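The chain contents come next:
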Amino acid sequence: MVRILLVSGSTRRGSTNTSALRTMCAAAASGVVARVYEDLGALPAFNPDEDAEGMSPPPAVAALRHELSSADAVVFCTPEYAGSLPGSLKNLLDWTVSSGELNGKPVAWVNVAGRGRGGGATATLATVLRYVAARVLERACAHVPVLRDAVGPDGLVADLATRTRLAEALQAVAQAIELGSGASRGQI
């Protein structure tokens with residue numbers, strides 16, 4: 001069983017990023033357990049004073065760290081704000097720097113922005129993930145544009161071709177984990 005945590009960088013209720021991840025969950029193949037992290041907006045602003053050695057982290061941070069530690073891999077899907085990551089996702093990542101949950105953890109991302117968009121967020125995400133020593137699964141990273149009108153009333157992507165591409169992206173992460181379970185840290 002491969003456990004994959006899906007993290008949306010958006011706190012917006014009607015986010016295409018979150019819809020894409022929920023669609024990936026719904027399409028998870030046998031042997032893959034995918035779960036969307038739902039508490040991005042509940043994380044307090046990162047404060048190094050609250051993350052000092054010997055201190056207990058805030059409850060939302062402790063829960064995040066447990067979910068990250070329990071996952072075999074993490075997939076991010078984030079919008080681009082002002083040419084970079086949204087502050088809420090950067091905040092989530094900041095809470096992992098000293099505690100190390102992403103150190104050596106296989107990670108990938110799915111960019112759902114339209115053509116020519118989202119590159120700033122993806123580039124910044126790649127930089128931060130490498131900084132925290134995550135193991136970026138380069139070949140599992142994907143660009144699968146999702147238009148707002150492609151999301152159905154159930155919050156899932158309705159277009160079959162897009163759903164298929166999202167399912168394939170999740171399966172690529174699962175396969176990379178299975179193939180690289182004994183691999184050393186680095187790119188796969």
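Data block above holds the structure.
Residues numbered from 1 in each chain as written. Predicted model: local features only at pLDDT ≥ 70, side-chain atom pairs only at ≥ 80, totals over all residues. Heavy atoms only, no water.

(A) Seen up close, the side chain of asparagine 91. Here asparagine 91 lies in helix 3 (residues 87-94). A relative accessible area of 12% places asparagine 91 in the buried class. Residues within four places of asparagine 91 in sequence aside, it is in contact with Leu43, Pro44, Ala45 and Phe46. (Helix = DSSP H or I, 4+ residues; strand = E, 2+ residues; numbered from the N terminus. Buried < 20%, exposed > 50% of the residue type's maximum accessible area, 1.4 Å probe, protein only. Contact = heavy atoms within 4.5 Å.)

(B) Local environment of the pairing of strand 4 (residues 106-111). Summarising burial for strand 4: 6 of the 6 residues are buried, a large majority. Judged by which residues are buried, strand 4 turns out to be covered on both faces: Pro106, Ala108 and Val110 on one side and Val107, Trp109 and Asn111 on the other are all buried. In this region the chain leaves strand 4, passes through helix 4 (residues 119-131) and returns to the parallel neighbour strand 5 (residues 135-136); the handedness of that crossover is right-handed. Sheet topology note: the strand 4/strand 6 (residues 142-143) ladder contains 2 bridges and is parallel. Across the sheet, valine 110 pairs through a bridge with alanine 142, a residue of strand 6. (Right-handed = clockwise from strand over helix to strand, strands pointing away. Pairing = 2+ DSSP bridges.)

(C) Expanded view of the pairing of strand 3 (residues 73-77). Here strand 3 lies mainly inside the structure; 5 of its 5 residues are buried. Side chains Ala73, Val75 and Cys77 of strand 3 all project onto a buried face; the interleaved residues Val74 and Phe76 project onto the opposite face, where all are buried too. Across 5 bridges, the pairing between strand 1 (residues 2-8) and strand 3 is parallel. Note that in strand 3 the partner of serine 8 across the bridge is cysteine 77. Pairing of strand 3 with strand 4 involves 3 bridges; the strand directions are parallel. Its bridge partner lying in strand 4, valine 75 is registered against alanine 108.

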